[in-house]
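In case you want the letters, here they are:
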Amino acid sequence: MSDSGSAVARVRAEISEVERRMRSLNARFDAIVAGSEFTTDDDEHDPEGSTIAFERAQAVGLLADARRELDDLTAALTRIDNGAYGICTICGAQIAAERLDALPAATRCIECSVRVDR
Ligand SMILES: [Zn+2]
């Protein structure tokens, strides 16, 4: 039922989405570091001003998240190659299709991910 062609497409789409996010975060980070104010889309100007340090920390955190997602997705591609994609790494059960739709990089079935809280 799970045809690996569409899984690859899903994961690849997700990867390019994360890469796009990382590029914009990097640009934002550079802008913050440079002290310049040409933030384009998410420019929230409150007069109190979130400090530059705060914005920088936030950008760093978001970048770290994105990088982790990218790692997970890359690992998912490897699992697709191995034929291990969509199989729970803990109990070996097939991961529900809806779960993979929502989380293409999921490595655990819903029961195991509830049990093994990361
Ligand atoms: Zn499981």
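To be clear, the structure that these remarks concern was listed above.
Please read all numbers here as calculations on a predicted model, not as lab measurements. (Residues numbered from 1 in each chain as written. Predicted model: local features only at pLDDT ≥ 70, side-chain atom pairs only at ≥ 80, totals over all residues. Heavy atoms only, no water.)

Observations regarding the coordination of the zinc ion
Inference 1: Looking at the metal site, the zinc ion is ligated by Cys88 (SG), Cys91 (SG), Cys109 (SG) and Cys112 (SG), spaced 2.3 Å from it.
Inference 2: Classification of the site at the zinc ion rests on its 4 donor atoms, whose angles at the metal span 104 to 117 degrees, yielding the label tetrahedral.
Inference 3: Read in sequence order, the donor residues for the zinc ion give the motif C-x2-C-x17-C-x2-C. With a gap of 21 residues between them, Cys88 in the loop between α2 (52–82) and α3 (97–102) and Cys109 in the loop between α3 and α4 (110–115) connect regions that are remote in the sequence.
Inference 4: Cys88 sits in the buried class, given a relative accessible area of 3%.
Inference 5: The exposure class of Cys109 is buried, given its relative accessible area of 5%. (Donors = N, O, S within 2.8 Å, 3.2 Å for Na, K, Ca; no water. Tetrahedral: all angles 85-135°; square planar, octahedral: opposite > 155°, others 65-115°. Helix = DSSP H or I, 4+ residues; strand = E, 2+ residues; numbered from the N terminus. Buried < 20%, exposed > 50% of the residue type's maximum accessible area, 1.4 Å probe, protein only.)

Comments concerning the nonpolar core
Inference 1: With 21 residues, the main nonpolar core has Val11, Ile15, Val18, Met22, Leu73, Ile80 and Tyr85 as its most contacted residues.
Inference 2: Counting only elements with at least two residues in this core, the list comes to α1 (4–34) and α2.
Inference 3: Examining the composition of this core, we find that 7 residues originate from one element, α2, more than from any other.
Inference 4: Beyond its immediate chain neighbours, meaning those up to four positions away, Val18 contacts Ala66, Glu69, Leu70 and Leu73. (Core = buried A, V, L, I, M, F, W, Y, C linked by side-chain atoms within 4.5 Å. Contact = heavy atoms within 4.5 Å.)

Description of α2
Inference 1: In this model, α2 (31 residues) spans 45 Å end to end at C-alpha, consistent with the 45 Å of a helix rising 1.5 Å per residue.
Inference 2: All buried positions along α2 are accounted for by Ala59, Leu63, Ala66, Leu70, Leu73, Ala76, Leu77, Arg79 and Ile80.
Inference 3: Positive backbone phi, at 75 degrees, marks Gly83, one or two positions downstream of α2. (Expected span 1.5 Å × (residues − 1).)

A few points about the pattern of salt bridges
Inference 1: Throughout the structure, instances matching the rule amount to 4 salt bridges.
Inference 2: For Glu17, the salt bridge is made with Arg20, and the minimal N-O distance between the two is 3.2 Å. With Glu17 and Arg20 both in helix α1 and 3 residues apart, the pair spans about one turn of that helix.
Inference 3: Its relative accessible area of 33% is what places Glu17 among the partly exposed residues.
Inference 4: A salt bridge links Glu17 to Arg21; the shortest N-O distance between them is 3.8 Å. With Glu17 and Arg21 both in helix α1, this residue pair falls 4 residues apart, about one helical turn.
Inference 5: One salt-bridge network, in which partners are shared between bridges, spans Glu17, Arg20, Arg21 and Glu69. (Salt bridge = Lys/Arg side-chain N within 4 Å of Asp/Glu carboxyl O.)

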